[in-house]
Amino acid sequence: QVQLVESGGGLVQAGGSLRLSCAASVTIFSFNSMGWYRQAPGNQRELVATITNGATTKYADSVKGRFTISRDIAKNTVYLQMNSLKPEDTAVYYCAGHRALQTPYWGQGTQVTVSS
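Residues numbered from 1 in each chain as written. Predicted model: local features only at pLDDT ≥ 70, side-chain atom pairs only at ≥ 80, totals over all residues. Heavy atoms only, no water.

(A) Summary view of the overall build of the chain. Helix and strand counts for the chain come out as 0 helices and 11 strands. Of the regular secondary structure in the chain, the N- to C-terminal order runs β-β-β-β-β-β-β-β-β-β-β. Over its C-alpha atoms the chain spans a radius of gyration of 13 Å, differing by no more than 12% from the 13 Å that the globule rule assigns to 116 residues. C-alpha extents for the chain along the principal axes are approximately 40 × 25 × 25 Å. Expressed as a percentage of the 116 residues in the chain, the buried residues total 42%. Sequence-distant contacts in the chain: of pairs separated by 6 or more residues, those separated by 24 or more amount to 54%. (Helix = DSSP H or I, 4+ residues; strand = E, 2+ residues; numbered from the N terminus. Rg over C-alpha atoms; globule rule 2.2 N^0.38 Å. Buried < 20%, exposed > 50% of the residue type's maximum accessible area, 1.4 Å probe, protein only. Contact = heavy atoms within 4.5 Å.)

In structure tokens:
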């Protein structure tokens, strides 16, 4: 059974940094891509960053230059390094694994709160 477990969220002041981790119970190469998404209260879930099996990355315009997605294949873990955090980055952050023709697998989410 596929499980994705996020960690690393918390409360940080504006301008600070956090690193989120997403540990998979299966090899991350079993997914075509993995990504980070976020959902703020009253908003729809939105894409933050993705990384493909070929290590191609993609970012939302709002986080380009501040966030970096990476992976540790040996640990089956995907990371999201978040720098220069802003209050508008406050949200629940979710990890997802994508396979062709399948519903994405989601983690339980981790709260990130950025105070001004």
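Text resumes after the structure shown.
(B) Looking closely at the pattern of salt bridges. Applying the stated criterion to the full structure yields 4 salt bridges. Here Glu46 and Arg38 are joined by a salt bridge, their closest N and O atoms 2.7 Å apart. A relative accessible area of 36% places Glu46 in the partly exposed class. A relative accessible area of 6% places Arg38 in the buried class. Salt-bridge contacts for Arg38 lead to Asp89; the nearest nitrogen and oxygen are separated by 2.9 Å. Here Arg38 is found in strand 4 (residues 33-39), whereas its partner Asp89 is found in the loop between strand 8 (77-82) and strand 9 (91-98), with 51 residues between them in sequence. (Salt bridge = Lys/Arg side-chain N within 4 Å of Asp/Glu carboxyl O.)

(C) Here's a closer look at the sheet that holds strand 7 (residues 67-72). With respect to topology, 4 strands assemble into an open sheet ordered 1-3-8-7, the strand pairing being antiparallel. Only two strands of the sheet have a single neighbouring strand rather than two, namely strand 1 (4-7) and strand 7. The mean inter-strand angle of the sheet, taken between neighbouring strand axes irrespective of direction, is 15°. Relative to strand 3 (residues 18-24), strand 1 runs antiparallel, the two being bridged by 4 bridges. Bridge pairing links Ser7 to Ser21 in strand 3. (Pairing = 2+ DSSP bridges. Axes fitted to C-alpha atoms, helices over the stretch in contact; angles between N-to-C directions.)

(D) Region of the structure containing the side chain of Ser21. Within the element layout of this structure, Ser21 appears in strand 3. Residue classification places Ser21 among the buried positions, given a relative accessible area of 17%. Dropping the residues within four chain positions of it, Ser21 is found in contact with Val5, Glu6, Ser7, Trp36, Thr77, Val78 and Tyr79.

(E) Summary view of the environment of Thr56. With respect to the helices and strands, the residue Thr56 is situated in the loop between strand 5 (46-52) and strand 6 (57-59). Along the sequence, Thr56 and Ala74 sit 18 residues apart, while their C-alpha atoms lie 18 Å from each other.

(F) Quick look at the environment of Val78. Secondary-structure assignment places Val78 in strand 8. Under the relative-accessibility criterion, Val78 is labelled buried at 1%. Between the alpha carbons of Val78 and Ala24 there is a distance of 8.2 Å; along the sequence they are 54 residues apart. Filtering out sequence-adjacent residues up to four positions away, Val78 remains in contact with Leu20, Ser21, Cys22, Ile28, Met34, Trp36, Ile51, Ile69, Ser70 and Arg71.

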